[in-house]
Amino acid sequence: MTRRTRFAPSPSGHLHLGHAFSAWSAWQWAQENEAEFILRIEDIDTTRCKRAFEQSIFDDLIWLGLDWPLPVRRQSEHFDDYAGVLDKLRGLGVVYRCFKTRKEILEDIARAPHGLGEVYRGPSEPLSADEEAERVTRGDGFAWRLSLERCREHLGARYEAMRFEELGRGEQRADPAPLGDIILARKDVGTSYHIAVVHDDALQEISHIVRGEDLFELTPLHVLLQTLLGLPVPVYQHHRLLLDETGKRFAKRDKAATLKALREQGLMAEDVRQRF
Ligand code: GLU
C-alpha cells in the first residue's frame, strides 16, 4: 500500500513558523519514508477562511521548498459529503440534538458529580421525541452531539478495544471519555473539523498523520469516528510544537512570525528551517 501523509491547514490567516514546522515535519516524514505528501485546504469555516490566505499558503509552502500533487481538495466544496457522514451517524443512533445554551451546559457541568472541568457528559434526562419534534418545529437552534454512552452501547467490546499506533511511542488506547459529548455539527453548520478530517483522511487514503501534539487529545475521538464509520485507523505522529523566544506557541495574531513577513524581510527558507 502506498504510504501517504498530508498537511491540512485552515486558510484563516497567514502561516506562521509553527505551521511551517508542521508542514515541514509531514513533508520530511514523507521524504524519509518514500511516502506521498499531499496538501488539503480545511476551510469549512467559511466566514474566517479566505481565498487570499489560501493563495498565501501555497506561496509560503512553495517558498519553503515543498511540493504536492494537484488538484488540492478544498473542504468547502464538499459539504454534501460531510452531511452524508452526519446522516450515517444519525442512522447509527449515536448523535443527539442538544438545544442547550452555553450557559445551561456550564450549569449542567457544574452540577455533575465527577466535576472534570469543562466536559459535557450528556443530559441527565434526554428530551422525549415529542419535545424534540416541538423544538425543531419551533425553529430553535441546536448542536448535534456525539453521545459517548450510545457509542459504547453500539460498539460493545469494540469500544474498549479502540487503539491507535503512535510512531515512536507504540500502541495507545483510544479513550474518548475525557472529551465528553463533543459537538459534531450545528443546525446551521452541518459539519465540524472532526467529521471533515476523518472523512477526508479516509477518502484520500492517508496512511500516516503527522500533526502537532496539541491535537493528540482529539485523536481518540477521531479513532472513535473511524470505528463507527468502518474507516481505517491511520498511524499517527504528533510532533512537538515550535515555541517562540518566550516559550509560547505561535498564534495567527503574531504578525512578525508569519512566513510572509519573514520572506518580506529577506529571510531565506533555509533560515526558517534553522529554527526548527
Ligand atoms: N485544519 C487543522 C488545523 O489547521 C488540521 C488538523 C490536522 O492536521 O488534523 O489545525
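Details of the structure are given in the entry above.
Calculation criteria
- Residues numbered from 1 in each chain as written.
- Predicted model: local features only at pLDDT ≥ 70, side-chain atom pairs only at ≥ 80, totals over all residues.
- Heavy atoms only, no water.
- Pairing = 2+ DSSP bridges.
- Helix = DSSP H or I, 4+ residues; strand = E, 2+ residues; numbered from the N terminus.
- Buried < 20%, exposed > 50% of the residue type's maximum accessible area, 1.4 Å probe, protein only.
- 1 Å grid on protein atoms, 1.4 Å probe; cavity = no way out; pocket = protein on both sides within 12 Å on 5 of 7 lines; lining within 4 Å.
- Points joined across faces, edges and corners; volume = space filled by probe spheres on them.
- Core = buried A, V, L, I, M, F, W, Y, C linked by side-chain atoms within 4.5 Å.
- Contact = heavy atoms within 4.5 Å.
- Near = heavy atom within 4 Å.
- Polar contact = N/O pair within 3.5 Å; in protein donor to acceptor, adjacent residues only side chain to side chain.
- Areas by Shrake-Rupley, 256 points an atom, 1.4 Å probe, with all protein chains shown as cover.
- Sits in = over half its atoms within 2 Å of the grid points.
- Nonpolar A, V, L, I, M, F, W, Y, C, P; charged D, E, K, R; others polar.
- Salt bridge = Lys/Arg side-chain N within 4 Å of Asp/Glu carboxyl O.
- Axes fitted to C-alpha atoms, helices over the stretch in contact; angles between N-to-C directions.

Draft legend 1. Seen up close, the pairing of strand β7 (residues 170-173). Relative to β7, strand β6 (residues 163-166) runs antiparallel, the two being bridged by four bridges. Paired with E165 across the strands is E171, a residue of β7. Counting the residues between successive antiparallel strands, the hairpin from β6 to β7 contains three residues, one of them, G168, with a positive phi of roughly 85 degrees.

Draft legend 2. Representation of unusual backbone geometry in the model. The residue after L70, namely P71, is reached through a cis peptide bond having omega -5 degrees. Mapped onto the elements, P71 comes out in the loop between α2 (51-64) and β3 (73-74). Residues other than glycine seldom take positive phi values, yet E34 does so here, at roughly 45 degrees. The topology assignment puts E34 in the loop between α1 (17-32) and β2 (36-41). A positive phi angle, close to 50 degrees, is found at E205, a residue other than glycine. By secondary structure assignment, the location of E205 is in the loop between α8 (193-203) and β9 (208-212). E205 gets classed as exposed once you look at its relative accessible area, which sits at 52%.

Draft legend 3. Here's a closer look at the layout of surface pockets. The volume enclosed by the largest pocket comes to roughly 960 Å³. Forming the walls of the largest pocket are 37 residues, and the residues nearest its centre are A8, S10, H19, D214 and L215. Sorting the residues of the lining of the largest pocket by element identifies β1 (4-7), α1, α8 and β9 as the ones contributing at least two each. A per-element tally of the lining of the largest pocket places α1 first, with four residues. Volume-wise, the second largest pocket comes out at about 670 Å³.

Draft legend 4. Up close: the nonpolar core. Counting residues in hydrophobic clusters, the biggest one holds 37 residues, and the most contacted among them are L89, L146, L184, L224 and L228. If you list the elements that add at least two residues to this core, you get α3 (79-92), β5 (143-146), α6 (148-155), β8 (183-186), α8 and α9 (219-229). A total of six residues in this core trace back to one element, the largest contributor, which is α9. Beyond its immediate chain neighbours, meaning those up to four positions away, L184 contacts L89, V95, W144, L146, T191, S192, H194, I195 and L225. Judged by nonpolar contacts, the second largest core, of 29 residues, contains L17, W27, F37 and V210.

Draft legend 5. Broad picture of the site of the ligand. Taken together, R6, A8, S10, E42, Y193, V197, R211 and L215 make up the full set of residues near the ligand. In the model, an oxygen atom of the ligand is placed 2.6 Å from a nitrogen or oxygen of the R6 side chain. A distance of 2.8 Å separates an oxygen atom of the ligand from a polar atom in the side chain of Y193. Relative to its unbound accessible area of 300 Å², the ligand is 77% covered by the protein chains. According to the grid-proximity analysis, the pocket containing the ligand is the largest pocket. Taken together, the residues of the shell around the ligand break down into four nonpolar, one polar and three charged.

Draft legend 6. Layout of the side chain of D60. Tracing the backbone through its elements, the reader meets D60 in helix α2. Here D60 is in contact with L15, L259, K260 and R263, once residues within four sequence places are set aside.

Draft legend 7. Representation of the pattern of salt bridges in the model. Per the stated rule, a full pass over the model turns up 27 salt bridges. Across the pair D140 and R135 runs a salt bridge, and its minimum N-O distance is 2.9 Å. Classification of D140 by relative accessible area gives buried; the value is 17%. For E160, the salt bridge goes to R173, with nearest N and O atoms at 3.1 Å. Of this pair, E160 sits in helix α7 (residues 157-160) while R173 is found in strand β7, placing the two residues 13 residues apart along the sequence. Judged by relative accessible area, E160 falls into the partly exposed class, the value being 41%. Assessed through its relative accessible area of 43%, R173 is described here as partly exposed. Through salt bridges with shared partners, a single network forms among R6, R40, E42, R73, D81, D200 and D201.

Draft legend 8. Looking closely at the sheet that holds β2. Strand order across the open sheet formed by three strands is β1-β2-β3, with parallel pairing between neighbours. At either end of the open sheet lies a strand with only one pairing partner, and these are β1 and β3. As defined by bridge partners, β2 adjoins β3 across two bridges and the pair is classed as parallel. Paired with I41 across the strands is R74, a residue of β3. Against the sheet, α1 contacts β1 and β2, and its axis sits at roughly 165 degrees relative to β1.

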